[in-house]
Amino acid sequence: MPKLRVSIGPDRFHQVIANVNDISHPVEINTPLFVGRCLVYVKDFSGVTPDGSPPIRESSYFDGRSRKFAILIEGRFKKREGVEPYTADEIHFGSDFERLPESFPHGPFNAGMRIARMVDPATFFDEHPPSGRPYIMSPYAACMNTLCGYPAPSALSRAVLLAHHDAAHPHHAGEESRTEDGFVPHGEIEGAKGARIAKNRWRFVGLQGDPKVDQFVLSHSHLLPNPSRSTAHASSEAHSTAPHPHAEELGTSSHTLDTEPEHEHEHETDPTNTASRLWGAIPVSRSDSPAPAAPAPTKAKSRFSLATLTGRGGSSTPAHVLGEGDLVSGESFKNSLIGTQMEGNSVEALLGPWRFGKDGVDAMEDTTFVFLDPEQPRTVAQRRKHFVTDGGKHRKELVYDPDVVYTTSFFTNFCDLNTFELRMGPVHLNIAKYFTDMPIRYTLRSTRLGPRPDGAEGAPQEEECFVTIAFELVD
């Protein structure tokens, strides 16, 4: 009986067999265009493994879900000298084929496309493109089921973050709530029904130096430390001579985004001068000084501790307590969350540690960095609509920053890849016979053209490719 083999690589010519459902071993990709990791989940997987070992048949990823398979991609589009960064209008995700079989049923195909466009209106296809390889594609920012972003290790000192906590699980003084990576949107399974609960994290707003982000900082300056308060705080700490290893942390504000400040703080109007103050350091409580008592949490304004996020010595009493919506940034993240020991061009040095290797942990949607409107988080449907309205103008406005790590997931319950059985609304057929000599392939690529990845002479140019995932049934 044929078995499923899943292969992953930067393009269709350079792939390795994937460890399906193995959360500890995503496939790593590092090319001049892209650095990333890719993990594939398949329900009831009984197929081929890289070393011939027994397959990992089940994964907690599917607990409480009707999904049949999923693809998780984490990565950065690399900066290249003299080359403009990609816009969201240029990066696509979807299926491409060596050809469409002559006997392929167009009736079910067209019906499937109608259903696909109901879910993602930006979906489009071309049966006869210049490359000769038919495809079904959609803008990456629109079609993925989840999208989030966070700063690359080299950009942590420029990151602008908003304190965030799940209001249903407020943090109380004295609790340890530190996660391995506090700004990566993720959830964990809690309860018998497999519900995913959003974990403590920081919302990623963007990077200092981006005009939109700098303007956001200026317009929310009331959330930042008051210089006079900071000066008084520093004076009260002057008696201590032994600096804390994490002394260069930012102060905090007690305001939240839904609370007007009691009075307006004076601040510079020049963005450069303001930024230099905002990213500056304010001394924190020394290890030999008693920490101030944390305000009691309330249901409306859950609290989150900077101390537990940055791991300051494992103290159970937070030295500073942030209100939800406090704006923070700084070198402390670079020194504590990722570690500055990693050097070079390894995948871990460029992306940071693998965040999704714990059983039950899953990436979650957070597009604060897209909309810059944290008071009104957008749903997946709203994000998709945003990127398809007005002729896709919003896709042209979003630039994939080379210093930002983008994590996405794609999943569906339409197709059982173990058998190639397709069930999509009124469409019900087995498509295995149409893919006996070519795989079902999902590809992350750009609209920019380049040489064919295998270097074949005389071959037409093809779209630049970043990640390719191939599913095929083999004997």
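Each value, and the rule that gives it
Residues numbered from 1 in each chain as written. Predicted model: local features only at pLDDT ≥ 70, side-chain atom pairs only at ≥ 80, totals over all residues. Heavy atoms only, no water. Helix = DSSP H or I, 4+ residues; strand = E, 2+ residues; numbered from the N terminus. Buried < 20%, exposed > 50% of the residue type's maximum accessible area, 1.4 Å probe, protein only. Contact = heavy atoms within 4.5 Å. Areas by Shrake-Rupley, 256 points an atom, 1.4 Å probe, with all protein chains shown as cover. Phe/Tyr/Trp six-rings, centres within 6.5 Å; stacked < 30°, edge-to-face > 60°. Lys NZ or Arg CZ within 6 Å of the ring centre and 35° of its normal. Pairing = 2+ DSSP bridges. Axes fitted to C-alpha atoms, helices over the stretch in contact; angles between N-to-C directions. Core = buried A, V, L, I, M, F, W, Y, C linked by side-chain atoms within 4.5 Å. Salt bridge = Lys/Arg side-chain N within 4 Å of Asp/Glu carboxyl O.

Enquirer: Honestly, the overall build of the protein in this entry has me stumped. Any pointers?
Expert: What the protein contains, in helices and strands, is 11 helices and 23 strands. By residue count, 54% of the 475 residues in the protein fall in the buried class. Sequence-distant contacts in the protein: of pairs separated by 6 or more residues, those separated by 24 or more amount to 76%. Within the structure as shown, the protein displays about 21,700 Å² of accessible surface, and the carbon and sulfur contribution to it stands at 51%.

Enquirer: Got a minute to help me understand the packing of aromatic side chains in this structure?
Expert: To describe a pair of aromatic rings, you give the distance between the ring centres and the angle between the ring planes. Applying the stated criterion across every chain, the model contains 25 aromatic pairs. Considering the side-chain rings of Phe-77 and Tyr-400, the 5.0 Å spacing of their centres and the 50° angle between planes classify their relative orientation as tilted. Of this pair, Phe-77 sits in strand β5 (residues 69-77) while Tyr-400 is found in the loop between α11 (393-397) and β18 (404-412), placing the two residues 323 residues apart along the sequence. With centroids separated by 5.5 Å and ring planes inclined at 75°, the aromatic side chains of Trp-354 and Phe-356 adopt a geometry described as edge-to-face. A relative accessible area of 0% places Phe-356 in the buried class. If you follow Arg-67 out to its NZ or CZ, it ends over the ring of Phe-411, 3.3 Å from the centre. Residue placement shows Arg-445 over the ring face of Tyr-135; its charged tip is 4.7 Å from the ring centre.

Enquirer: Sorry, what's going on with the sheet that holds strand β3 (residues 27-30) here?
Expert: One open sheet holds the five strands; their spatial order is β3-β4-β5-β18-β9, and the pairing between them is antiparallel. At either margin of the open sheet sits one strand with a lone partner, and together these are β3 and β9 (146-151). Between one strand and the next, the sheet's axes are offset by a mean angle of 15°, whatever the strand orientation. Relative to β18, β9 is paired through six bridges, and the arrangement is antiparallel. When the bridges of β18 are listed, Thr-146 appears paired with Ser-409.

Enquirer: What am I meant to see in unusual backbone geometry here?
Expert: Outside of glycine, negative phi angles account for most residues, and trans bonds account for most peptide bonds. Here the phi dihedral of Asn-21 falls at roughly 65°; this positive angle occurs in a residue that is not glycine. For Asn-21, the location among the structural elements is in the loop between β2 (14-17) and β3. Among the residues examined, Asn-21 registers a relative accessible area of 5% and is labelled buried. You will see that Phe-420, though not glycine, has its phi angle at about 65°, which is positive. Among the secondary structure elements, Phe-420 is positioned in the loop between β19 (415-416) and β20 (421-424).

Enquirer: How should I be thinking about the nonpolar core in this particular structure?
Expert: Side chains of nonpolar character tend, in soluble globular proteins, to be buried together. Grouped together as the largest cluster of nonpolar side chains are 69 residues, with contacts concentrated most on Ile-71, Phe-77, Phe-93, Leu-444, Val-467, Ile-469 and Phe-471. Per element, the largest residue contribution to this core is five residues, and it comes from helix α1 (residues 106-119). With 20 residues, the next largest nonpolar core counts Tyr-41, Ala-70, Val-361 and Val-405 among its residues.

Enquirer: How do you make sense of the environment of Glu-462 when you look at a structure like this?
Expert: Here Glu-462 shows up in strand β23 (residues 462-474). Between the C-alpha atom of Glu-462 and that of Thr-447, which follows or precedes it by 15 residues, the distance is 8.8 Å. When neighbours within four sequence positions are excluded, Glu-462 is seen to be in contact with Arg-12, Arg-133, Arg-448, Leu-449, Gly-450, Arg-452 and Pro-453.

Enquirer: In this structure, what is going on with the pattern of salt bridges? I would like to understand it.
Expert: Should their charged atoms come close, side chains of opposite charge can pair. Evaluated as defined, the whole model comprises 23 salt bridges. The shortest N-O distance in the salt bridge between Arg-37 and Glu-28 comes to 4.0 Å. Across the pair Arg-76 and Asp-403 runs a salt bridge, and its minimum N-O distance is 3.4 Å. Taken together, the residues Arg-76 in strand β5 and Asp-403 in the loop between α11 and β18 connect sequence positions 327 residues apart. Since its relative accessible area comes to 9%, Arg-76 is described here as buried. A cluster of three or more residues bridged by salt bridges with shared partners is formed by Arg-12, Asp-96, Glu-98, Arg-133, Arg-441, Arg-445, Glu-462 and Glu-463.

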